[in-house]
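Below, each chain spelled out in residue letters.
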Amino acid sequence: MSATLLLLEDDLQLSDTIKQFLTYHGYDVYAAYDGLSAQELVYEKHIDLMLLDIRVPHQNGFDFLQTLRANDVQTPAVFITSLNSVEDVTRGFDSGCDDYIRKPFALKELLVRIESLLKRRYSTHENKIALADGFVFDIKEHLLTKENQRVSLKTKEAKLLALFLECPNELLGYEKIFERLWTYDEEPSTGSLRAYVKTVRTFLGKGNIETIKNGGYRFVKK
């Protein structure tokens, strides 16, 4: 599955250029032109990395990222901006960004930084994760075992388990979960999702998955 990026950039021409370039290189890109619409995408979609301009309408990039970090959204973020003073760079990292690239920049440089951040993020995760009661889940292969014996899981249960493990302590909205579990030609079902969550609680601990009323679910990693 290709990585999904959020691009917050209010320069329509630049946004379109970056989106076309990254799409050509295999990424799925959601474009937003202001802070509020970008925030909606973060909570509705599964995002692997964010590219954020700072001077955008409604909510600037600094405040946007600070708000996400305050709500335990730890998705990697790169500021792409013409602001280049030491104070701006410092404020960017204080806001919680992982990298900072000054405009104008070469698209190939942006690609290298994206690939480096994604590689760093996913290489830090062990493929095999020990769960409750001796269960072990291979997050890359979506394979659940106990005492080296395979444990049967439905495809969507495995996807949900992987999603929770990839996003600990993060509120996962219904839209984001539906997008990960159901394909474009399938109709998402809240009833089925509740059943999948019940199954996954068996492996993550019943009290470790919070149900957020009208919001979604959160896996609280202890």
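Residues numbered from 1 in each chain as written. Predicted model: local features only at pLDDT ≥ 70, side-chain atom pairs only at ≥ 80, totals over all residues. Heavy atoms only, no water.

(A) Structural context of the sheet that holds strand S12 (residues 216-219). Taking strand neighbours across the sheet as the criterion, the three strands line up as S10-S12-S11 in an open arrangement whose pairing is antiparallel. One side of each edge strand has no neighbouring strand; the edge strands of this open sheet are strand S10 (172-173) and strand S11 (209-212). In this sheet, S12 lies alongside S10 in antiparallel orientation, the contact comprising two bridges. Bridge pairing in S12 places Leu172 opposite Tyr217. Contacting S10, S11 and S12, helix H6 (residues 155-166) runs over the sheet at an angle of about 60° to S12. (Pairing = 2+ DSSP bridges. Helix = DSSP H or I, 4+ residues; strand = E, 2+ residues; numbered from the N terminus. Contact = heavy atoms within 4.5 Å. Axes fitted to C-alpha atoms, helices over the stretch in contact; angles between N-to-C directions.)

(B) Highlighting unusual backbone geometry. Cis geometry is adopted by the peptide bond preceding Pro104, which originates at Lys103 and carries an omega value of -5°. Relative to the helices and strands, Pro104 is located in the loop between strand S5 (99-102) and helix H5 (107-123). Even without a glycine there, the phi angle at His58 is positive, about 75°. Mapped onto the elements of the fold, His58 is located in the loop between strand S3 (49-52) and helix H3 (61-70).

(C) Looking closely at the packing of H6 against helix H8 (residues 190-204). Contact geometry for H6 and H8: axes closest at 9 Å, N-to-C directions at 60°. With respect to each other, H6 and H8 are oriented oblique. Of the two elements, H6 crosses H8, and the hand of that crossing is right-handed. Counting all contacts with H6, which are made through Lys156, Glu157, Leu160, Leu161, Phe164 and Leu165, the residues of H8 involved are Leu193, Tyr196, Val197, Thr199, Val200 and Leu204. Across the contact of H6 with H8, the residue classes break down as nine nonpolar, one polar and two charged. (Parallel < 35°, antiparallel > 145°, perpendicular 65-115°, else oblique. Left-handed = near helix turned anticlockwise from the far one by under 90°. Nonpolar A, V, L, I, M, F, W, Y, C, P; charged D, E, K, R; others polar.)

(D) Examining the environment of Ile80 more closely. Tracing the chain through its elements places Ile80 in strand S4 (residues 77-81). Distance in space between the C-alpha atoms of Ile80 and Asp48 is 17 Å, their sequence separation being 32 residues. Not counting residues up to four positions away in its chain, the partners in contact with Ile80 are Leu7, Glu9, Ile18, Leu51, Leu52, Asp53, Ile54, Ile101, Lys103, Phe105 and Leu110.

(E) Geometry of the pattern of salt bridges. Applying the stated criterion across every chain yields a total of ten salt bridges. Residue Arg69 is joined to Asp98 by a salt bridge in which the shortest nitrogen-to-oxygen separation is 3.4 Å. Of the two residues, Arg69 sits in helix H3 while Asp98 sits in the loop between helix H4 (86-95) and S5, which places them 29 residues apart along the sequence. Overall, Asp98 belongs to the partly exposed group, its relative accessible area being 34%. Across the salt bridge formed by Asp99 and Arg113, the nearest N and O atoms sit 2.9 Å from each other. Placement of Asp99 in strand S5 and of Arg113 in helix H5 is noted, with a sequence separation of 14 residues between them. We classify Asp99 as buried; its relative accessible area is 17%. With a relative accessible area of 23%, Arg113 lands in the partly exposed category. What emerges from the salt-bridge pattern is a single network uniting Glu9, Asp53 and Lys103. (Salt bridge = Lys/Arg side-chain N within 4 Å of Asp/Glu carboxyl O. Buried < 20%, exposed > 50% of the residue type's maximum accessible area, 1.4 Å probe, protein only.)

(F) Region of the structure containing the pairing of S4. The element S4 is largely enclosed, with a buried count of five among its five residues. Taken together, the three bridges between S3 and S4 define a ladder with parallel strand orientation. When the sheet's bridge partners are listed, Leu52 is paired in S4 with Phe79. Considered for its hand, the β-α-β crossover made up of S3, H3 and S4 is right-handed. As paired strands, S4 and S5 are joined by four bridges and run parallel to one another. Across the sheet, the residue bridging to Phe79 is Tyr100, located in S5. Each parallel crossover has a hand, and for S4 linked through H4 to S5 it is right-handed. (Right-handed = clockwise from strand over helix to strand, strands pointing away.)

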